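# Structural overview
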Amino acid sequence: MIRALNQDLHEMLSISPLPMYINGTWTHGSSGTVTEIIDPANSEVLCAVSAADESDVDIAANAAYVAFKSGRWSGLRPDERARAMFRWADLVDRDSEFLSEMETLQTGKPIRESRGDIARGLDGIRFYAGLARNIRGETIDVSTRHHSYVTREPIGVIASIVPWNVPFVLTLSKAAPALAGGNSVIVKPSQTTPLTALHLARLWEEAGLPASVFNVITGAGRIVGEALCMHPRVSGVTFTGSTETGLRLSKLTSSQNKRIMLELGGKSPNLVLADADLDRAIPGAASAIFYGQGQICAAGSRLIVDQSIYDHVVEGVVAAARGMVIGDPLDPATEFGTLTSQAHRAEVLGWVDRAVADGATVATGGRVAHVPGLPNGAFMEPTVLVDVNESDPIAREEVFGPVLVVQRAANVDDAIRIANDSQFGLSAAVWTRNAGVARRVARELESGVVWINDYGQFNPAMPFGGVKLSGSAHREWSHLAIDAFLEHKSIWEWNE
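Residues numbered from 1 in each chain as written. Predicted model: local features only at pLDDT ≥ 70, side-chain atom pairs only at ≥ 80, totals over all residues. Heavy atoms only, no water.

### A closer look at a nonpolar patch on the surface
Residues I140, V142 and W492 make up a contiguous nonpolar surface patch of roughly 310 Å² in combined accessible area. The topology assignment puts V142 in the loop between β5 (138-139) and β6 (146-154). Of the residues examined, V142 reaches a relative accessible area of 46% and is grouped as partly exposed. (Patch = residues over 30% accessible without salt bridge, like charges linked within 9 Å, V, L, I, M, F, W, Y side chains within 5 Å. Areas by Shrake-Rupley, 256 points an atom, 1.4 Å probe, with all protein chains shown as cover. Salt bridge = Lys/Arg side-chain N within 4 Å of Asp/Glu carboxyl O. Helix = DSSP H or I, 4+ residues; strand = E, 2+ residues; numbered from the N terminus. Buried < 20%, exposed > 50% of the residue type's maximum accessible area, 1.4 Å probe, protein only.)

In structure tokens:
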């Protein structure tokens, strides 16, 4: 049963299997295999999507390369590319509610979150559409006998490999800067959440934008993703997902010296110091982990609290967790939706069971949640764990679910030590009324992103990415992201 509110969405999902978009054509995979897309709120099949194999990757990569070399996108004037992307964005804006419902159906996140995600992705398209007109080279005066300058040029075909947790936003965090820079793009969405990426392709086509410049190819990561990484026509790969998979793709691409941009896992620390404003810090800490059902790489999954306020903070986050409205993701009143699947929920609950066996205490949650009318949904209670040792796996490994680990810190320096004692370094936060202390902590935290007296704020003008095993040197969003998809060419011109 499709629970969508939008009749157009009912009609789209009745097409089975849904085709992928390659070389400006809607086509099915060569092998004839399909992937079923499951609604995690009821564990029923939404639709089937055609699955690609290596031969389909070859067609897509060659078509994208021919499009790139033809100049029908890469050769446009920057203002022409900008106007084209703005047309695409206007269609996304028109279909924002359609896309929001689609995102909720395939991910299980509350519709209020999906609406925010669509708005954020739309903002990203418009940000990079504007930035397309601001790609600049420079003149460098090195010799009276030469005119020497640096140009910035698109690198070619970009493979964008997108995870299942925030599919719309992460499709555009990769595709929009690459397109603004003049590259061709092949999007490989997660095989479980490809629907919004496919609709972006429909809107690209409706906007009359060049065929083969934007492609969406669906299928298993081990087949399609790895084939894209190894294809000789693909010049760059951008990937968001698990650290294990990212490191594997890095090895594959390094054999051909391809450019690769990685945004990987996290176990993000959220520091609440003794003088913090707890009226802000406590709900902020709850939102940091429970937004997106904890299935966010930047989720604040480690809450590190000064021992003087520890009990009060634990009491507050437990109350916040118990007060969350768990329900049908399509209901606007729902605050906490489903995990991505029953299998993933079982994995997350297994983490909780192992933590308890290691000595942790469940302050709240840790169980299956039951929602009337949706008995087969992948619902789970927001969970808070205390009495966790720093060396326990639950305190060090990414769970990717709604499980908050609360740890004691003796003082500010101890909180920083605990925070940095991690293989990850994606995001972090500190809560304190002392601005000087906040800035010192922000400098000392080994993290690519730090929030002060806030958590989870994003804007396309601000870079996002991590250090250590959380990512590569490249950043998503901001002007830095577009730079990752450009070559810097030095030109020496002899002056007679």
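### Brief notes about the packing of aromatic side chains
Scanning the entire structure with this criterion turns up twelve aromatic pairs. Here Y21 and W26 contribute two aromatic rings whose centre-to-centre distance is 4.8 Å and whose plane-to-plane angle is 40°, an arrangement assigned as tilted. We classify W26 as partly exposed; its relative accessible area is 26%. Ring plane angle 20° and centroid distance 6.2 Å describe the contact between Y128 and W477, whose orientation is recorded as stacked. Of this pair, Y128 sits in helix α5 (residues 111-131) while W477 sits in the loop between β20 (467-468) and α16 (478-483), and the two are 349 residues apart along the sequence. (Phe/Tyr/Trp six-rings, centres within 6.5 Å; stacked < 30°, edge-to-face > 60°.)

### Some thoughts on the pattern of salt bridges
One pass over the full model with this rule turns up 24 salt bridges. For R417, the salt bridge identified is with D414, shortest N-O distance 2.8 Å. Of this pair, R417 and D414 both sit in helix α14 (residues 412-420), separated by three residues, roughly a single helical turn. One salt-bridge network, held together by shared partners, links R77, D79, E80 and R83.

### A closer look at the sheet that holds strand β21 (residues 486-494)
In a beta sheet, neighbouring strands are held together by backbone hydrogen bonds and run either parallel or antiparallel to one another. Ordered by their spatial adjacency, three strands build an open sheet running β5-β6-β21, and the pairing between neighbours is antiparallel. Lying at the two open borders of the sheet, with one neighbouring strand each, are β5 and β21. With two bridges joining them, β5 and β6 adopt antiparallel strand pairing. Residue pairing in the sheet places T139 in a bridge with Y149 of β6. (Pairing = 2+ DSSP bridges.)

### A few points about the nonpolar core
Ranked by internal contacts, the top residues of the largest apolar core, which has 99 residues, are W88, L179, L195, F214 and V272. Tallying contributions element by element places helix α6 (residues 167-180) first for this core, with nine residues. With near-sequence residues (within four places) excluded, V272 lies in contact with L278, A281, L303, I304, V305, D306, I309, V313 and W431. Core analysis: the second largest hydrophobic core is formed by 24 residues, M20, I22, V157 and L228 among them. (Core = buried A, V, L, I, M, F, W, Y, C linked by side-chain atoms within 4.5 Å. Contact = heavy atoms within 4.5 Å.)

### A few points about the pairing of strand β3 (residues 34-39)
Covered by surrounding structure in β3 are T35, I37 and D39 only, the residues V34, E36 and I38 on the alternate face being uncovered. Direction of pairing for β3 relative to strand β4 (residues 44-50): antiparallel, over a ladder of six bridges. Residue pairing in the sheet places I37 in a bridge with C47 of β4. Counting the residues that bridge the hairpin from β3 to β4 gives four residues, and of these S43 lies at a positive phi of roughly 60°.

### Digging into the sheet that holds strand β13 (residues 302-306)
Strand order in the open sheet formed by seven strands is β14-β15-β16-β13-β12-β18-β19, and the pairing between neighbours is mixed. The strands lining the two open edges of the sheet, one partner per strand, are β14 (361-364) and β19 (449-452). Averaged over all pairs of adjacent strands, the angle between their axes in this sheet comes to 25°, without regard to strand direction. Where strand β12 (residues 269-272) meets strand β18 (residues 427-431), three bridges bridge the pair, whose relative direction is parallel. Residue pairing in the sheet places V272 in a bridge with W431 of β18. Where helix α10 (residues 278-290) meets the sheet, it contacts β12, β13, β15 (383-386), β16 (403-409) and β18, and its direction lies at approximately 170° from that of β12. Sheet strands touched by helix α15 (residues 435-444): β12, β18 and β19. Its angle to β19, the strand with the most contacts, is close to 165°. (Axes fitted to C-alpha atoms, helices over the stretch in contact; angles between N-to-C directions.)

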